[in-house]
Amino acid sequence: MKINLKDLYQQVISNKALLPAAPTVGMQILQALQTPNCNVKLFARIIGNDVGLTAFILKTARSLRFLTRTQPKDLEAAIVRMGMKETYYLSLSFLSRSVVSSSNVQVASLLKETQLFSTKLAVISCFLAEKTRRIPGNQAMLGGLFQDIGVPAILVTLEKHPLILDDEKTIKICVDRLAPHVGNFILKQWQLDELLEVPENRKKWGLDREEAGLAELIIVARFHAMLGTKEFNECPPLSEIPAFNKFNFGDVGPDNTLQLLKDSKDELDDIQRLLTP
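Source: prediction; values computed, not measured. (Residues numbered from 1 in each chain as written. Predicted model: local features only at pLDDT ≥ 70, side-chain atom pairs only at ≥ 80, totals over all residues. Heavy atoms only, no water.)

## Overview of the environment of Arg 133
Heads up, the condition is: Going along the chain from the N terminus, every DSSP run of H or I of four or more residues is numbered as a helix, and every run of E of two or more is numbered as a strand.
Within the secondary structure, Arg 133 sits in the loop between helix H7 (105–132) and helix H8 (137–146). Residues Arg 133 and Asn 248, spaced 115 residues apart in sequence, show a C-alpha to C-alpha distance of 9.2 Å.

Next up, the structure:
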């Protein structure tokens, strides 16, 4: 089947109703973070305007990831526990969760699958970042969550193309070819230039830059997140992925990837519950 990908891309980015808007509270937090007199009280005041976000930050600060003897009793204490930059990344993760829906049963199922995978990728990215200690865990979580940020809009656009929806392989081609470009478009609109490399390098297993960064970490995380899925067969062996050899993941190696997921199950489940809408 011949697919006009340029035309599909224009259909996606021209439909503003499908593209997630930059979260207002998230942008306010970023502005506060960039001011010289930024402090915890200012952060708490901004976050406190969103009841759902406030509950999420408190639950996260009391979760296994930040577990200490004394749990934070209020929002300010929670922000102190996690740090302002970490709180910002977590806030964006919560506020940007996809709310795209579809009345088409097939598309609705694909949207649910995408949301669950993105959450899993975010959690594994965070876990691996904390293994390496080179990238903040919550920045990695945000990167993992945003790598497929353009996929829901692509899937809903395909509702108008029943011939494409009839072919699973063609759906995959459309998503894989368009997701980096749509994701890039969304993140530029959100002024999150530091994350552009994440969707741009989606599934680029051979990425081999001299200095590895967030994109490489999420490539390794994606390998782990795809374990057990139909698409896992397209992955090269972990030892042949240049990004894997750029980091010191400690005991995480080609022979014990499944053990990594088992060992971190409680933490993975805990964060996944927090991020799932």
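After that view of the structure, there is still more to cover.
## Observations concerning the layout of surface pockets
Note the threshold: Throughout, the protein atoms alone are placed on a 1 Å grid, and a set of points is a cavity if a 1.4 Å probe fits but cannot get out or a pocket if it is open with protein on both sides within 12 Å along at least five of seven lines; lining residues have an atom within 4 Å of a point. Grid points are joined across faces, edges and corners, and a volume is the space filled by probe spheres set on the points.
Approximately 690 Å³ is the volume attributed to the largest pocket. Along its surface, the largest pocket is lined by 25 residues, and Leu 110, Glu 113, Lys 172, Lys 230 and Glu 231 are the ones closest to its centre. Of all elements in the fold, only H7, helix H9 (151–157), helix H11 (168–189) and helix H13 (214–225) reach the threshold of two or more residues within the lining of the largest pocket.

## Things to note about the environment of Pro 199
Under the convention used in this document: Buried means the residue's accessible area, taken with a 1.4 Å probe over protein chains only, is under 20% of the maximum for its type, while exposed means over 50%, and partly exposed covers the values in between. The criterion used for residue contact is that any of the two residues' heavy atoms lie within 4.5 Å.
Inspection of the secondary structure puts Pro 199 in helix H12 (residues 197–200). Of the residues examined, Pro 199 reaches a relative accessible area of 0% and is grouped as buried. Excluding its chain neighbours within four sequence positions, the residues that come into contact with Pro 199 are Gln 147, Pro 180, Gly 183, Asn 184 and Leu 187.

## Focus on the packing of helix H1 (residues 5–14) against H11
The test is simple: To obtain each axis, a line is fitted to C-alpha atoms, and for helices this fit is confined to the stretch in contact; angles are then taken between N-to-C directions over 0 to 180 degrees. Comment on the angle field: the value is read as roughly parallel under 35 degrees, roughly antiparallel over 145, roughly perpendicular from 65 to 115, and oblique elsewhere. Left-handed describes a crossing in which the near helix is turned anticlockwise from the far one by less than a right angle; the clockwise case is right-handed.
For the pair H1 and H11, interaxial distance at closest approach is 10 Å and the crossing angle is 40°. Comparing their axes, H11 and H1 come out oblique. Two packed elements cross with a definite hand, and for H1 against H11 that hand is right-handed. Facing H1, whose interface residues are Leu 5, Leu 8, Tyr 9, Val 12 and Ile 13, H11 presents Cys 174, Arg 177, Leu 178, His 181, Val 182 and Phe 185.

## A closer look at the packing of helix H3 (residues 40–47) against helix H6 (residues 84–95)
Running from N to C, H3 and H6 cross one another at 15°; their axes reach a closest spacing of 11 Å. With respect to H6, the axis of H3 lies roughly parallel. The crossing of H3 and H6 is left-handed. Residues Val 40, Phe 43 and Ile 47 of H3 pack against Met 84, Thr 87, Tyr 88 and Ser 91 of H6.

## Comments concerning the packing of aromatic side chains
Think of a pair of aromatic rings as described by two things: how far the centres are apart, and how the planes are tilted against each other in angle. Put simply, the rule reads: Centres within 6.5 Å are what make two rings of Phe, Tyr or Trp a pair, Trp counting through its six-membered ring; a difference in plane orientation under 30 degrees is then read as stacked, over 60 as edge-to-face, and the rest as tilted.
Summed over all chains, the structure comprises four aromatic pairs. Taken together, a centroid distance of 4.8 Å and an interplanar angle of 20° make the contact between Phe 56 and Phe 94 stacked. Here Phe 56 is found in helix H4 (residues 51–61), whereas its partner Phe 94 is found in helix H6, with 38 residues between them in sequence. Per residue, the accessibility class of Phe 56 equals that of Phe 94, and both read buried. Here the aromatic rings of Tyr 88 and Tyr 89 are separated by 5.6 Å at their centres, their planes lie at 40°, and the arrangement is tilted. As far as the burial class goes, Tyr 88 and Tyr 89 line up, both buried.

## Digging into H7
Our working definition: For a helix, the expected span equals 1.5 Å multiplied by the residue count minus one. Any pair of nitrogen or oxygen atoms within 3.5 Å is treated as a polar contact; in protein, a donor-acceptor pairing is required on top of that, and neighbouring residues in sequence qualify only through side-chain atoms on both sides.
Taking 1.5 Å of rise per residue, 28 residues should cover 40 Å, and H7 covers 41 Å from first to last C-alpha, within 8% of that figure. With a side-chain oxygen lying 2.9 Å from the backbone nitrogen of Gln 106, the N-terminal cap of H7 falls on Asn 104. Residue Arg 133 follows H7 closely and has a positive phi angle near 60°.

## Description of the pattern of salt bridges
Side chains that differ in sign of charge can pair as their charged atoms come close. Quick reminder of the rule: Salt bridge, as applied in this entry: a Lys or Arg side-chain nitrogen positioned within 4 Å of an Asp or Glu carboxyl oxygen.
Evaluation of the coordinates by the stated rule reveals 14 salt bridges. We note a salt bridge from Arg 209 to Glu 216, for which the minimum N-O separation is 2.6 Å. Relative accessible area serves as the criterion here: at 30%, Arg 209 is assigned to the partly exposed category. Look at Glu 216 and you get buried, because its relative accessible area is 0%. Each of Asp 148, Lys 172, Asp 176, Arg 202, Lys 203, Arg 222, Glu 231 and Glu 234 takes part in salt bridges that share partners, so that together they form one network.

## So, the nonpolar core
Under the convention used in this document: Buried Ala, Val, Leu, Ile, Met, Phe, Trp, Tyr and Cys residues that are joined via side-chain atoms within 4.5 Å together make up what is termed a nonpolar core.
Within the largest apolar cluster, 90 residues are counted, with the highest numbers of intra-cluster contacts made by Ile 57 and Phe 146. Examining the composition of this core, we find that 10 residues originate from one element, H7, more than from any other. Ignoring anything within four residues of it in the chain, the contact list for Ile 57 reads Ile 47, Leu 75, Ala 78, Met 82, Thr 87, Leu 90 and Ser 91.

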